[in-house]
Each structure stands twice: as structure tokens, then as C-alpha cells.
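Report on the structure
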Amino acid sequence: MRPIGIFDSGMGGLTVMAAIRHCLPGESLVYLGDTARLPYGTKSADTVTRYAVQAAEALRRYDIKLLVVACNTASAAALPRLREMLAPLPVVGVIEPGAEAAVTGVPDGPIGVIATEGTVKGGAYVRAIQALSPSMPVVQAPAPLFVGLAEEGLTDGPIAEAVAHHYLDPLLATLPRPRGLVLGCTHFPVLKQTIARVAGPDVALIDSAEAAAAAVESALKEHGLLNPGPAAAPQFLATDAPGRFAHLGEIFLGEPIDPGAVTLVDL
Ligand code: DGL
């Protein structure tokens, strides 16, 4: 009956929350968006780790049974630290599930990865993909402006399309051309239609949010923690602008967020 805790730098992780709600409707969820300190993607791994530890501590106060690090940047920088800190609580990140979905979906590759600067620089996706498929060619590119576009709700139209061309044209001109493209940031799925249009029909998009939800289900089963329901109403915590979170968060969650369910917290 205890809730699952989910966190991200902002609203992007709500795409993971949506996938978890779809796949595990009986589970109660509490989501923390560190909206005051977004973006994480341009910050150092040390800073992101410090922020991630604070977010996990805040969620631990809600008596969570499992933590989902619904942020690729924080998964890349802080997963071992969070696992050590919360043990024996299971902690699920988004990189390993995303890498697994990529290798399963596009077994012959090549695989392209778009993510934040921090995730690309740390090379976590390249390592995770090649741990599963050692000779898989992987090309990656940072796409930080997608985070701002997503948080602004600018997911479609000429601006989003121009930015998508700016990032994807050089990446997809790599030879041999990538056949799969990992959306390696939880903000990116809301731009999926624009990204798909620009990438073209021969490039399969891999959504790490959906893959992470499946990993949460396996972890709950493995630890005997599945709740058949009924779920409590979802709770939301934001470190800044709870009203804006409720309003724009709807784009990421795919359903309305009750402004009364969003609490302002300080980490
Ligand atoms: N949503 C975060 C991720 O998945 C990144 C956004 C940010 O830069 O804060 O990496």
C-alpha cells in the first residue's frame, strides 16, 4: 500500500509517471519535481548527485516502498549513491531500461542517443548499450534546448521543428545512419511527434519512460511489493511555482493535475 516515489529535475519525469500509472494502476504515487533548480543537464555530476540525494531524502519522508529516478541525468550521475543510501529499498533508474529497449528494438543498430549534456558527457548510455551488445555502434548528441521547449509547452510547430533539425540532421547524417533513436531525457517524449517527423519513418524512436515503467513492475514483483489497488490520489511536490507545475504538467502527464494536489517543498 505504500507509495512509489518518483523524481525529476522538473516536469519531464511525469512522462515516466504516466507510463507507470498506465502499467500499474493500483499503485499510489508521489512525484517530486525540482523545478527551482532545473535544468540538471548542464550541471556537474557532483551537483546533480547532491540534488538527487536531497530529492530522495524528501521522498523518503513519504514512506515510499521504491524510488524511481525519472531523470536520465540523475540516473547517470547518482544511481549507485542513491542505491547505497536507500538500501534495502529498490531504486530504479531510466538508463538501463532505455538501453535494453534500444537493443531489443533495434538489434542490428546503429543506435543514436539524444540526451542532456551531462548524460552525453558521462557516456552512461554508450556503456549501458554496449554492456548488452558489445559491438553495437552508438552515436550520441546533446539536445538541451528540447528541455526548455518541453517546459514551455512548445512541443509542436516551427520553433520545435527547427530545433529538432538543428540536433537531428547532423546526428542522422552519421554513416551508417542510425536506425534507432533513444529519447535519453524524460522531457523528450512530449516532443515525440516533432522528433519522429524530422527523423523520418526509417528511424525507430525508443522511449526510456515506457521502458522504465516495465522495470518498475519487475522490481515490485521481485520484492513482493505489488499493490493490486485501489491507488490513493497522486501527490505532487514541486520546489518552485506549484501553480505552473499543475498547469503545464498536464502536457507531460497526459491528464489534468489538481492544483490542490501540488505542494511547494524546500529541499
Ligand atoms: N529530465 C531530465 C533527464 O531526463 C533532464 C532535464 C534537465 O536538464 O534538467 O535527463
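For the structure, see preceding data.
Predicted model only: the values in this text are computed from it and were never measured. (Residues numbered from 1 in each chain as written. Predicted model: local features only at pLDDT ≥ 70, side-chain atom pairs only at ≥ 80, totals over all residues. Heavy atoms only, no water.)

1. Considering the pattern of salt bridges
The following threshold applies: Salt bridge, as applied in this entry: a Lys or Arg side-chain nitrogen positioned within 4 Å of an Asp or Glu carboxyl oxygen. Every helix listed is a DSSP run of H or I at least four residues long, and every strand listed is a run of E at least two residues long, numbered separately from the N terminus. Summary of the burial criterion: residues with accessible area below 20% of their type's maximum are buried, those above 50% are exposed, and those between are partly exposed, where the area comes from a 1.4 Å probe applied to protein chains only.
This model, assessed by the stated rule, comprises 13 salt bridges. The salt bridge partner of Lys121 is Glu117, with a shortest N-O separation of 3.8 Å. Of this pair, Lys121 and Glu117 are both found in helix H5 (residues 117–122), 4 residues apart, which corresponds to roughly one turn of the helix. Classification of Lys121 by relative accessible area gives exposed; the value is 69%. Judged by relative accessible area, Glu117 falls into the partly exposed class, the value being 30%.

2. With respect to the sheet that holds strand E4 (residues 91–92)
Rule in force here: When DSSP finds two or more bridges between a pair of strands, those strands are recorded as paired. The contact definition used throughout considers only heavy atoms, calling two residues in contact when any of these lie within 4.5 Å. Axis lines are fitted to C-alpha atoms, over the contacting stretch for helices. Their N-to-C directions set the angle, which ranges from 0 to 180 degrees.
The strand order E4-E3-E1-E2-E9-E10 describes an open sheet built from 6 strands, whose pairing is parallel. Pairing within the sheet leaves two strands with one partner each, and these edge strands are E4 and strand E10 (262–264). Relative to the sheet, helix H3 (residues 72–86) contacts strand E1 (4–8), strand E3 (66–69) and E4, its axis offset from that of E3 by approximately 165°.

3. Description of the sheet that holds strand E6 (residues 138–142)
In space, the 4 strands of this open sheet follow the order E6-E5-E7-E8, with parallel pairing throughout. In this open sheet, the two strands that pair with only one neighbour each are E6 and strand E8 (204–207). Strand-to-strand twist of the sheet, defined as the mean angle between neighbouring strand axes without regard to direction, takes the value 25°. Relative to strand E7 (residues 180–184), strand E5 (residues 111–115) is paired through 5 bridges, and the arrangement is parallel. The partner of Val113 across the bridge, within E7, is Val182. Its contacts with the sheet place helix H8 (residues 158–172) against E5, E6 and E7, and it is angled at close to 160° to E6.

4. Structural notes on the packing of aromatic side chains
Going by this rule: Paired rings are identified among Phe, Tyr and Trp, the last through its six-membered ring, by centres lying within 6.5 Å, and are further divided according to the angle between planes into stacked (under 30 degrees), edge-to-face (over 60) and tilted (the rest).
Applying the stated criterion to the full structure yields 5 aromatic pairs. Both rings, one in Phe146 and one in Phe188, keep their centres 5.3 Å apart while their planes meet at 80°; by these two values the pair is edge-to-face. Of this pair, Phe146 sits in helix H7 (residues 145–152) while Phe188 is found in the loop between E7 and helix H9 (192–199), placing the two residues 42 residues apart along the sequence. Overall, the relative accessible area of 1% leaves Phe146 in the buried class. Considering the side-chain rings of Phe236 and Phe245, the 5.9 Å spacing of their centres and the 55° angle between planes classify their relative orientation as tilted. In terms of burial, Phe236 and Phe245 fall into one category: buried. Linked through ring pairs, Tyr31, Phe236 and Phe245 together constitute an aromatic cluster.

5. A short note on helix H10 (residues 208–222)
Short version of the rule: Given a helix with a known number of residues, its expected span is that number minus one, times 1.5 Å. Between N or O atoms, a polar contact is any pair within 3.5 Å; within protein, one atom must be a potential hydrogen donor and the other a potential acceptor, and residues adjacent in sequence are included only when both atoms are from side chains.
Between its first and last C-alpha, H10 extends 21 Å over 15 residues, near the 21 Å set by a 1.5 Å rise per residue. Every buried residue of H10 is accounted for by Ser208, Ala209, Ala211, Ala212, Ala213, Val216, Ala219 and Leu220. Capping of H10 at its N-terminal end is provided by Asp207; its side-chain oxygen lies 2.8 Å from the backbone amide nitrogen of Ala209.

6. A word on the site of the ligand
How we decide: Throughout this document, a residue counts as near a molecule or strand when at least one of its heavy atoms sits within 4 Å of that molecule or strand. Using a 1.4 Å probe, the Shrake-Rupley method yields the accessible areas, and only the shown protein chains count as cover for residues. For this classification, the nonpolar set comprises Ala, Val, Leu, Ile, Met, Phe, Trp, Tyr, Cys and Pro, the charged set comprises Asp, Glu, Lys and Arg, and every other residue, Gly included, is treated as polar.
Close to the ligand lie 14 residues; Ser9, Tyr40, Asn72, Thr73 and His187 are nearest. At a separation of 2.6 Å, an oxygen atom of the ligand approaches a polar backbone atom of Tyr40. Contact with the protein chains hides 99% of the accessible area of the ligand, taken as 300 Å² for the molecule alone. Grouping the constituent residues of the shell around the ligand by class yields 6 nonpolar, 7 polar and 1 charged.

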